[in-house]
Amino acid sequence: MTHEGSNRPPAQISGARGGLDGIIAGHTSLSTVGVSGVGLTYLGYAIEDLAEKATFEEVAFLLLFGHLPNDSELSKFRVRLISQRSIPEPLCKTLEMIPAAAHPMDVLRTAVSMLGTLEPEKGFEDAVRVAERLIACMPAVLTYWVRFHRDGTRLSSWSRGDSIAEQFLWDLRDRSPSELETQAMNVSLILYAEHEWNASTFTARVIASTLSDFYSAITGGIGALRGPLHGGANEAAMELIDRMSDSAMAERELLAMLARKEKVMGFGHRVYKGCDPRSDVIKPWAQKLCRATGNETLFAISETIEHVMRREKGMFPNVDFYSASLYRSLEIPTALFTPIFVLSRLTGWSAHILEQRADNRLIRPLAEYTGPAPRAWVSLEERD
Ligand SMILES: CC(C)(COP(=O)(O)OP(=O)(O)OC[C@H]1O[C@@H](n2cnc3c(N)ncnc32)[C@H](O)[C@@H]1OP(=O)(O)O)[C@@H](O)C(=O)NCCC(=O)NCCS
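In this text, all values refer to a predicted model and were calculated from it rather than measured experimentally. Counting restarts for each chain, with residues numbered from 1 along the sequence as it is written. Per-residue local features are limited, in this predicted model, to residues with pLDDT of at least 70; the limit for side-chain atom pairs, both in listing and counting, is 80 or more; totals at the level of whole chains, interfaces and linings are taken over all residues. Side-chain measures were taken over the full set of non-hydrogen atoms in the model, leaving aside hydrogen atoms and water.

Caption draft 1: Just the sheet that holds strand β2 (residues 39-42), in detail. Two strands make a pair as long as DSSP finds a minimum of two bridges between them. Helix and strand definitions here come from DSSP, where helices need a minimum of 4 consecutive H or I residues and strands a minimum of 2 consecutive E residues; each element is numbered from the N-terminal end. Pairing in this open sheet of 3 strands is antiparallel, and the strands run β1-β2-β3 from one edge to the other. In the strand order of this sheet, the two ends are held by β1 (31-35) and β3 (45-46), each with one partner.

What follows is the structure in structure tokens.
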């Protein structure tokens, strides 16, 4: 009935409230999150510098290869990404079969899985190729599915736009984006690229630690990112803002939500306690775009929500909150907000999978048992 002489080490509980709160679960050299005096860095580079000075492609290279590319490395990397944008015919067919009403996160999850059957990883030495392929083609996957179901277009040429930011906006909206729009998209992709051992990255690393394949780890990461407590918060924030017609209503509704003890999506963070540095970067871009596109009311409502949250709860917006008004000003449908997070975070997940594999040990923690005490078996006939 029970096993005697357990070899199990004494259990340690992961923080008073569970959720591995405050527990260091492993090592990474990829980013620092909320480290006092350091802030958010990718391989030592401050997020503020990267957002102001880098392209998303430079950041992707940095994460995959551990250093900023020189001129020649960057141009070769860009050429590789552009040459791998196109999606194979069976994947196009799969995308056409996925219902128009499906959530685009489910589309991306399915597409990564499908691509894994068409172009499987051929051993771990093939991992960087797979990572580059996914970073290169997933924007096309998303826009293919959207355009097919929206207007019957079967996108077939992937040459529009020199960067992922430009290509994505161009293919999605079927018009060349302005310089400001491309820059804003670029900044947003950089901010979402990497964030240490968050839930989706942890998921990807757990899968990688079993020596499973690259596509499985990415598919799991997408599943974890989908929830509103993680990546899904940018969509939930937009849905909240959309319910408000002006700032006065936002003030009233927010107070009512807080009185009902409802969570306001796009606020708070497990690690950051005073501010999310990504929000300070994205907010001015959101403001600039809202102004340029006549979305001043949207921005005013967002700021009112921020003020109420600071005043009433001492809470600050995280990266997802102002991403919402930024994406709306770019005329991106709300359901694509979290999928954009995927297009960016593919870089961070890939880097973590590579890092996990380079020094792997199966991730397998313990749980504290809270079930019934050992008891005797009851046969079917004897049960109530
Ligand atoms: C991100 C998040 C999950 C981290 O939370 P956490 O460390 O697990 O903290 P908890 O959810 O346990 O919340 C702690 C307290 O703050 C409150 N709180 C946390 N986030 C809140 C929010 N966004 N709105 C209102 N109250 C919030 C909780 O209600 C809880 O209050 P209580 O102690 O009175 O019950 C949480 O802040 C959240 O749900 N935010 C909204 C979702 C979101 O924006 N996610 C994206 C993160 S980048």
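Caption draft 2: Up close: the environment of Glu 58. Its place among the elements puts Glu 58 in helix α2 (residues 56-65). Taking the C-alpha atoms as reference points, Glu 58 and Leu 68, 10 residues apart in sequence, are found 6.5 Å from one another. Between two residues, a contact is recorded if the distance between any of their heavy atoms is within 4.5 Å. If sequence neighbours within four positions are ignored, Glu 58 has contacts with Lys 53, Leu 68, Pro 69 and Leu 74.

Caption draft 3: Broad picture of the nonpolar core. Here, nonpolar core refers to any group of buried Ala, Val, Leu, Ile, Met, Phe, Trp, Tyr and Cys residues whose side-chain atoms link them within 4.5 Å. Exposed residues in this analysis have more than 50% of their type's maximum accessible area, buried residues have under 20%, and partly exposed residues fall in between, with area computed by a 1.4 Å probe over protein chains only. Leu 95, Leu 134, Met 138, Met 185, Ile 305 and Ile 332 are the most contacted members of the largest nonpolar core, which totals 112 residues. Of the residues forming this core, the biggest block, 15 residues, is contributed by helix α6 (residues 127-151). Not counting residues up to four positions away in its chain, the partners in contact with Leu 134 are Val 112, Leu 115, Pro 139, Phe 214, Tyr 215, Ile 218 and Leu 346.

Caption draft 4: Representation of the packing of aromatic side chains in the model. Pairing of aromatic rings covers Phe, Tyr and Trp, the last through its six-membered ring, and needs centres within 6.5 Å; plane angles under 30 degrees mean stacked, over 60 mean edge-to-face, and all others mean tilted. Enumeration according to the criterion identifies 9 aromatic pairs in this entry. Ring geometry for Phe 321 versus Tyr 322: centroids 5.1 Å apart, planes at 85°, classification edge-to-face. Counting every residue linked through ring pairs, the aromatic cluster contains Phe 267, Phe 299, Phe 321 and Tyr 322. Whether a charge sits over a ring comes down to the Lys NZ or Arg CZ being within 6 Å of the ring centre and within 35 degrees of the ring normal. In this structure, Lys 288 is placed above the aromatic ring of Trp 285, and the distance from its NZ or CZ to the ring centre is 3.9 Å. When the ring centre of Phe 124 is taken as reference, the NZ or CZ atom of Arg 357 above it lies at 3.6 Å.

Caption draft 5: Seen up close, the pattern of salt bridges. By definition, a salt bridge exists where a carboxyl oxygen of Asp or Glu is found within 4 Å of a side-chain nitrogen of Lys or Arg. Under the definition given, this model contains 26 salt bridges. As a salt-bridge pair, Glu 121 and Arg 357 come within 2.6 Å of each other at their nearest N and O atoms. Separated by 236 residues along the polypeptide, Glu 121 in the loop between α5 (104-118) and α6 and Arg 357 in helix α16 (residues 337-358) bring together distant segments of the chain. Each member of the pair Glu 121 and Arg 357 is classed as buried. Residues joined by salt bridges that share partners form a network here, namely Arg 147, Arg 150, Asp 151, Arg 160, Asp 171 and Asp 174.

Caption draft 6: The arrangement of the site of the ligand in detail. As a matter of local geometry, the ligand sits amid 19 residues, with Lys 263, Val 264, Gly 266, Phe 267 and Arg 270 nearest to it. Take Phe 267: an N or O atom from its main chain is 2.8 Å from a nitrogen atom of the ligand. Note on areas: Shrake-Rupley with a 1.4 Å probe; residue coverage comes only from the protein chains shown. Taking 850 Å² as the accessible area of the ligand by itself, protein coverage stands at 70%. Throughout, the ten residues Ala, Val, Leu, Ile, Met, Phe, Trp, Tyr, Cys and Pro are labelled nonpolar, Asp, Glu, Lys and Arg are labelled charged, and all others, Gly among them, are labelled polar. When its residues are assigned to classes, the shell around the ligand shows 8 nonpolar, 5 polar and 6 charged. It suffices for a single heavy atom of a residue to lie within 4 Å of a molecule or strand for the residue to be listed as near it. Polar contacts, as counted here, are pairs of nitrogen or oxygen atoms within 3.5 Å of one another; within protein the pair requires one atom able to donate a hydrogen and one able to accept it, and residues that are adjacent in sequence qualify only if both atoms are side-chain atoms.

Caption draft 7: Expanded view of the environment of Val 264. With respect to the helices, strands and loops of the structure, Val 264 is situated in the loop between α12 (247-259) and α13 (277-292). The spacing of Val 264 and Ala 236 is 28 residues in sequence and 8.6 Å in space, taken between C-alpha atoms. The residues contacting Val 264, other than those within four sequence positions of it, are Leu 240, Leu 254, Met 257, Leu 258, Ile 305 and Met 309.

Caption draft 8: Just the side chain of Thr 182, in detail. Looking at the secondary structure, you find Thr 182 in helix α8 (residues 179-192). Once residues within four sequence positions are removed from consideration, Thr 182 is found in contact with Ser 163, Ala 165, Glu 166, Leu 169 and Pro 177.

Caption draft 9: Broad picture of the side chain of Arg 357. Assessed through its relative accessible area of 14%, Arg 357 is described here as buried. Reaching out from Arg 357, the side chain makes a polar contact with the backbone oxygen of Ser 212 at a distance of 3.2 Å. Residues in contact with Arg 357, not counting those within four places in the same chain, are Glu 121, Phe 124, Ala 127, Ser 212, Asp 213 and Phe 214.

Caption draft 10: Representation of the domain arrangement of the protein chain in the model. Per the annotation, domain bounds derive from an automatic or database assignment of domains. Splitting the protein chain by domain gives domain 1 (31-225 + 339-358) and domain 2 (233-329). Distance from the C-alpha centre of domain 1 to the C-alpha centre of domain 2: 26 Å. Buried area: the accessible area, evaluated with a 1.4 Å probe, that two parts lose upon being put together, summed over both parts. Of the roughly 1600 Å² buried where domain 1 meets domain 2, counting both sides, 71% is carbon and sulfur surface. It is Leu 180, Leu 191 and Tyr 192 that lose the most area in domain 1 upon contact with domain 2, and together they represent 33% of the buried surface on that side. Put simply, domain 1 and domain 2 have 0 salt bridges between them. There are 7 residue pairs in polar contact (both at pLDDT 80 or more) connecting domain 1 and domain 2. Of all elements in the fold, only β1, α1 (47-53), α8 and α16 reach the threshold of two or more residues within the side of domain 1 that touches domain 2. Considering each element in turn, the side of domain 1 that touches domain 2 owes the most residues, 9 residues, to α8. Split by residue class, the side of domain 1 that touches domain 2 holds 13 nonpolar, 5 polar and 3 charged.

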